[in-house]
Amino acid sequence: MAAIASPFFIDLDGLRLIASDPIIKRGLAYFEENRVIEVEASEDRLWAQVVGSDPGAPYCVEIDHADGELWIDCECPFEWEPVCKHAVAALLAWGGRRHPADVGSAADEAVSERIKRGRREVEVVQLGTDVFGTWSARSVASARPTAQMWFVELRSLDEKINFCDCPDFATNMLGTCKHVEAVRHKARKLNGGDVAGPQHSHVFEAWDGPGAGRVRLWAPDGARDPELDPFFDADGYLREPVVETFHRLRRFSRQRPALVVGEDAVRHVDRLAEDARCRERAAEIHADIDRASGRVAGVRAQLYPYQVDGVAFLAAAGRAVLADDMGLGKTLQAIAAASLLTRRSDVRRTLVVCPASLKHQWAREIRKFTDFDVEVVQGSASGRRAQYQRHAAFTIVNYELVIRDWEVINTDLAADLIVLDEAQRIKNWRTKTADAVKALQSRYAFVLTGTPLENRLEDLYSVMQVVDPRVLGPLWRYMAEFHITDDRGKVVGYRNLTELRRRLASVMLRRDRREVRSQLPARIDARLDVEMTPRQRALHDAAVDNAGSIARIMKKRPLTPAEEKQLMASLQSARMAADGANLVDEAETGVPPKIAELRRLLEDLAVESGRKVVVFSEWRRMTQQAVDVATELGLEPVYLHGGVPTSKRGDLLLRFEEDPAARVFVSTDAGGVGLNLQSASVLINLDIPWNPAVLEQRIGRVHRLGQTESVQIVKLVSAGSYEERVLEVVASKQLLFENVISPDAEEDVVGVSKRTLEMLAEALDASDPIRGAVGDRAEPEPVESADPPMPAAREETHQVELDRRIDETLSELERALPGRIQRVLATAAGLVLVVDHVDDIVEDLVAEASKITPFIALDMRSARQLARLGPSSPLAMATVVSSRNVVEDDWVMRRLDAAETLMNSGMHRDAVRLAAEAIQSELCVCADVPLRGIAPSESVVWLHTDVAPRLAAHAEIATATQLFALSGANAEVPASLASSLLASARQLQSVLREQFRARTDV
């Protein structure tokens, strides 16, 4: 094994000396999932425990450093490489504990984190001959939809004057990012660190010193050209007025090759110019509305005064959040503001992104209030693309489609304005949905949400990134300014909320019902406690006990993903048991007490009083029982759940609104967002959701603008159950919301003891009175060992959703096992994964995949033996789901010929991309890896992780690396470089095909 300089703190290059890229990626995933539960080290030895497929039996890892080498011993059965994923995770975990000795500020820690991440997870490629120039960089661990190759402009190894075009660099105010740090680290390693300094002067956006966030001049050795004095002051900062001075500097720099004006400086000045235009537009819009006596031209609606203010705010700001309380007409205000900008010729195309259940409702509202054409996007990928290309005034798409279509939306639709409805969908910036939405490009953006903050201040931060990342600044500074942490870094409270509200005022408008109470009916809240049956109590307490054992682990260390899932599943089971025993135990036939109480309420409110009632529950089975009760009472219920197609939901709402006989609307939380149910005057909550925003969304469906009667809200709570503690969690979250978002908030500091999972787990303490008899309640029925509590009954899964999850699982398996999958077979009993050989990695992946659908793995030899049994074989009726593809020689040649044609037509960048696609296919054949579409942004990493280990031809890999790196470039490729690349591609194709033929002939 090769020696490395540092025993236990290893960068990506160091890891590659001891482990393959697939093992490194798996180890990095284990590290990021907190699977390393213990890690300690001495001078020459490291010990760790890493959770594998069995959470109860972690693997012990021991790593010794002797004679300049690492000797690794792990208890896992993996034997095909010297180093396993558990050892890689242990090394990364130990490296993650190292901090600079003099870390004294949040900024230092933020930079330190980017240095560590750059060294362990970023792949960099030098694109030119000079170290100081352009590099490409990409995270080897990233699988998100927006993951792509970024370009770093290296200007100095020591000073913060470099640039990266990634979003983190643009917003973190640190002057660096993990990509820059990875490039600096790699550059220092070249030639033993002996690298001469840059020779050009640079104009850049500075982040060091008192002029942070301003345009500055940097010159080698401080030798500044006197001719630049009219543009820069004595400290090197661009003189005022900045925009005019910068444009003069750009003209001057065209005659000075030694002066390089950076893209970061250009973007900074462009932002300043846009801000100035925004202020001018605000004044014009307010004047237009005033002249029209508060009406918006082209909108067929009489707006309330507060709605006129909202329209003016959105249209003037251009990028803003409308956070009005639910039911105050955010949709109409957004349509009116979009109409106003459209008629001013600032906007031609508007994209509305909303939950799938609201797409047709948005279309109806737009057609009702305006004359603009509307396109509701749905159907196949090709059909959706054609719909984007229609360029309707309003195009409506749901969040799930944005994940698939964001690139097509940017290129084929190119919206001027994006409206995000129910934008709390992107509250977590770590999700694919948030990534995809933030990748959408537009000049204007309206963000609509009644709950911009649901659980934590980080929710608000994620939403604001869409509007203007500058308002709240980088995440590291946001956390330092507004969060109170303990000595372990855990958030225990929030501070400086007055300053936070001040910053939000320019881009967020919030009005609650108190401001329009004269236009809304009264709201009456009531809580009804319902006793549980002995069987409910037994199932409830069993789930609480199971969760309690995991919660005790949480007090000692962070939970692994498997433990978190087990804890949440147990808590879910406790809540379901509190609703009804038959939700947990399908053999239970008794009527749940809550359903019995619902019957009494419906008899009183709907049968006797004739009022329309909405019933909500989180559980599909509970809503079905509610439908049965309403049907028995002759109330002709309308039933909405996740399995109801989006196209049919409008008809359900219309029937409930217009049919006097339909007096009960029963819904899961699929109907908790965006629906208008003002025809009802009673809302019954059969359970309490963990999230207060979900509860308020339910209420907002009935108690909203347009309601004419007083509204009665009923919460059914199982007495003495875990459900009571859920109410306390809801109240705690609501306090934070009110002191950040509410317009009349006064508190500057709000305490929060724990994150949601910890708050929920706190109730599991043995001394907590949520278990056992309460008052005169009967003792719980014991759960006999011969009849253990059954797992939580699964909701019925729509077949389309199951098919989608299976497709995703197969894609994940293909990514995790590059080149190893021979085929996937569908049998009557489940899916069969046929691989080259079955090992620990395959078994782990198949165990995870089996949670979606029955799955087994077979090696090729076993599969052939089974097939020989003929009709008696379990594989006799199997069908091939997927198999390896074969690329014909002439297909690749035709692609290269087409690239040559594009080259001769002056389309150099497209020619390079087509050639890269052809070579990618040829590499799949030669390296014997599965053929699939690899995005340009992922091709370099794919080349080095999937292909390079199977090819000994390093020269061919180097040529392909350059071709793939430039195929993902956003800028035009010079003609000379494109011509050279095409010639290299033809030569490479010939060499690879010859190697393939030689190997197959043998």
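Here the structure is a predicted model, which means the values were calculated and not measured.

Draft legend 1. Region of interest: the overall build of the protein chain. When helices and strands are counted, the protein chain shows 35 helices and 31 strands. Evaluated residue by residue, the protein chain yields a buried proportion of 52% over its 1002 residues. Of all intrachain contacts in the protein chain linking residues separated by at least 6 positions in sequence, the fraction that spans at least 24 positions is 68%.

Draft legend 2. Local environment of the sheet that holds strand β13 (residues 350-354). One open sheet holds the seven strands; their spatial order is β14-β15-β13-β16-β17-β12-β20, and the pairing between them is parallel. At either margin of the open sheet sits one strand with a lone partner, and together these are β14 (374-376) and β20 (508-509). In terms of strand pairing, strand β16 (residues 417-420) meets strand β17 (residues 444-448) through four bridges, oriented parallel. Each bridged residue has a counterpart across the sheet, and for Leu420 the counterpart in β17 is Val447. Running over the sheet, helix α13 (residues 399-413) touches β13, β15 (394-398) and β16 and is turned about 145 degrees from β15.

Draft legend 3. Structural context of the packing of helix α2 (residues 21-32) against helix α29 (residues 840-849). Put simply, α2 and α29 touch, their axes get as near as 13 Å, and they point 45 degrees apart. With respect to α29, the axis of α2 lies oblique. As for the relative orientation of α2 and α29, their crossing is left-handed in sense. Contacts between α2 and α29 pair Ile23, Arg26 and Tyr30 from the former with Ile841, Asp844 and Leu845 from the latter. Class assignment for the residues of the contact of α2 with α29 results in four nonpolar, no polar and two charged.

Draft legend 4. Up close: the packing of aromatic side chains. In the structure shown here, the tally under the stated rule is four aromatic pairs. A ring pair is formed by Phe231 and Phe252, whose centres lie 5.3 Å apart and whose planes are at 45 degrees; its orientation type is tilted. With a gap of 21 residues between them, Phe231 in the loop between β10 (214-218) and α7 (242-253) and Phe252 in helix α7 connect regions that are remote in the sequence. The residues Phe231 and Phe252 share a single accessibility class, namely buried. Measuring from ring centre to ring centre gives 5.8 Å for Phe372 and Phe394, while their planes differ by 50 degrees; the resulting arrangement is tilted. Here Phe372 is found in the loop between α11 (359-369) and β14, whereas its partner Phe394 is found in strand β15, with 22 residues between them in sequence. Phe394 carries the same exposure label as Phe372, and that label is buried. Over the ring of Tyr30 we find Arg35; its NZ or CZ atom is 4.3 Å from the centre of that ring.

Draft legend 5. Quick look at the packing of helix α12 (residues 381-388) against α13. Relative orientation of the contacting elements α12 and α13 amounts to 40 degrees, with a least axis distance of 10 Å. The angle between α12 and α13 places the two elements in the oblique class. The crossing of α12 and α13 is right-handed. Touching Arg384, Arg385 and Tyr388 of α12 are Leu401, Arg404, Asp405, Val408, Ile409, Asp412 and Leu413, all from α13. Per-class residue counts for the contact of α12 with α13 are five nonpolar, no polar and five charged.

Draft legend 6. Summary view of α2. Relative to the 16 Å expected for 12 residues at 1.5 Å per residue, α2 spans 16 Å between its end C-alpha atoms, a close match to the ideal helical length. Note on α2: the residue one or two positions beyond its end, Asn34, has a positive phi of about 60 degrees.

Draft legend 7. Region of the structure containing the environment of Phe252. Judged by its relative accessible area of 17%, Phe252 is buried. Ignoring sequence-local partners within four residues, the contact set of Phe252 consists of Glu227, Leu228, Phe231 and Leu259.

Draft legend 8. Seen up close, the pattern of salt bridges. Scanning all chains against the criterion turns up 30 salt bridges. Between Arg535 and Asp585 there is a salt bridge, and its shortest N-O distance comes to 2.8 Å. Placement of the pair is Arg535 in helix α19 (residues 534-554) and Asp585 in the loop between α21 (581-584) and α22 (593-608), with a sequence separation of 50 residues. The exposure classification of Arg535 matches that of Asp585, with both residues buried. Through salt bridges with shared partners, a single network forms among Glu113, Lys116, Arg117, Arg120, Glu121 and Lys178.

Draft legend 9. Inspection of unusual backbone geometry at higher detail. Backbone torsion omega between Glu240 and Pro241 reads -10 degrees, so that peptide bond is classified as cis. In this structure, Glu422 takes a positive phi of about 50 degrees despite not being glycine. Tracing the sequence through the fold places Glu422 in the loop between β16 and α14 (432-438). Of note, Glu636 is a non-glycine position whose phi angle comes to about 45 degrees, a positive value. Relative to the assigned elements, Glu636 resides in the loop between α23 (620-632) and β23 (638-640).

Draft legend 10. Just the environment of Met508, in detail. Topologically, Met508 is positioned in strand β20. In this structure the C-alpha to C-alpha distance between Met508 and Val321, which are 187 residues apart in sequence, comes to 4.6 Å.

Draft legend 11. Representation of the sheet that holds strand β11 (residues 259-261) in the model. Taken together, three strands build an open sheet; the order of strands is β10-β9-β11 and the sheet is mixed. Of all strands in the sheet, those with a lone pairing partner are β10 and β11, marking the two edges. Pairs of neighbouring strands in the sheet enclose a mean axial angle of 25 degrees, with direction left out of account. As paired strands, strand β9 (residues 201-206) and β10 are joined by five bridges and run antiparallel to one another. Within β10, the position partnered with Glu205 by the bridge is Val215. Each of β9 and β11 touches α7; the most contacted strand, β11, lies at about 135 degrees to it. Packing against the sheet, helix α8 (residues 263-291) makes contact with β9, β10 and β11, and its axis sits at approximately 45 degrees to β9.

Draft legend 12. Summary view of helix α10 (residues 330-343). Spanning 14 residues, α10 covers 20 Å between terminal C-alpha atoms, matching the ideal 20 Å at 1.5 Å per step. Within α10, 12 of the 14 residues are buried, which leaves the element mostly enclosed by the surrounding structure. For α10, the full list of buried residues reads Lys330, Leu332, Gln333, Ala334, Ile335, Ala336, Ala337, Ala338, Ser339, Leu340, Leu341 and Thr342. Just beyond α10, the residue with positive phi is Ser345, at close to 70 degrees.

Draft legend 13. Quick peek at the pairing of strand β7 (residues 150-153). Strand direction decides the pairing type here: strand β6 (residues 134-139) and β7, joined by four bridges, are antiparallel. Bridge pairing in β7 places Thr134 opposite Glu153. Pairing of β7 with strand β8 (residues 163-164), which is carried by two bridges, proceeds in the antiparallel orientation. Directly across from Val152, in β8, lies its bridge partner Cys164.

Draft legend 14. Main features of the pairing of β6. In terms of burial, β6 is largely enclosed, as five of its six residues are buried. For strand β5 (residues 122-126) and β6, the ladder comprises five bridges, and the chain directions are antiparallel. Residue pairing in the sheet places Gln126 in a bridge with Trp135 of β6.

Draft legend 15. Quick look at the state of the cysteines. Evaluation of the coordinates by the stated rule reveals zero disulfides. Summary of cysteine pairing: Cys84 is not part of a disulfide, and the nearest cysteine sulfur, belonging to Cys74, is at 3.7 Å.

Draft legend 16. Structural view of the environment of Ser976. Along the chain, Ser976 falls in helix α35 (residues 975-1001). Residue classification places Ser976 among the exposed positions, given a relative accessible area of 61%. Residues Ser976 and His908, spaced 68 residues apart in sequence, show a C-alpha to C-alpha distance of 9.3 Å.

Draft legend 17. Local environment of the confidence of the model for the protein chain. Mean pLDDT over the protein chain stands at 76; residues scoring 70 or higher make up 76%. Confidence drops under a pLDDT of 50 for residues 98-104, and excluding neighbours within four residues, the segment shows eight contacts in the predicted structure.

So, how was this worked out
Residues numbered from 1 in each chain as written. Predicted model: local features only at pLDDT ≥ 70, side-chain atom pairs only at ≥ 80, totals over all residues. Heavy atoms only, no water. Helix = DSSP H or I, 4+ residues; strand = E, 2+ residues; numbered from the N terminus. Buried < 20%, exposed > 50% of the residue type's maximum accessible area, 1.4 Å probe, protein only. Contact = heavy atoms within 4.5 Å. Pairing = 2+ DSSP bridges. Axes fitted to C-alpha atoms, helices over the stretch in contact; angles between N-to-C directions. Parallel < 35°, antiparallel > 145°, perpendicular 65-115°, else oblique. Left-handed = near helix turned anticlockwise from the far one by under 90°. Nonpolar A, V, L, I, M, F, W, Y, C, P; charged D, E, K, R; others polar. Phe/Tyr/Trp six-rings, centres within 6.5 Å; stacked < 30°, edge-to-face > 60°. Lys NZ or Arg CZ within 6 Å of the ring centre and 35° of its normal. Expected span 1.5 Å × (residues − 1). Salt bridge = Lys/Arg side-chain N within 4 Å of Asp/Glu carboxyl O. Disulfide = S-S within 2.5 Å. pLDDT = per-residue confidence, 0-100.

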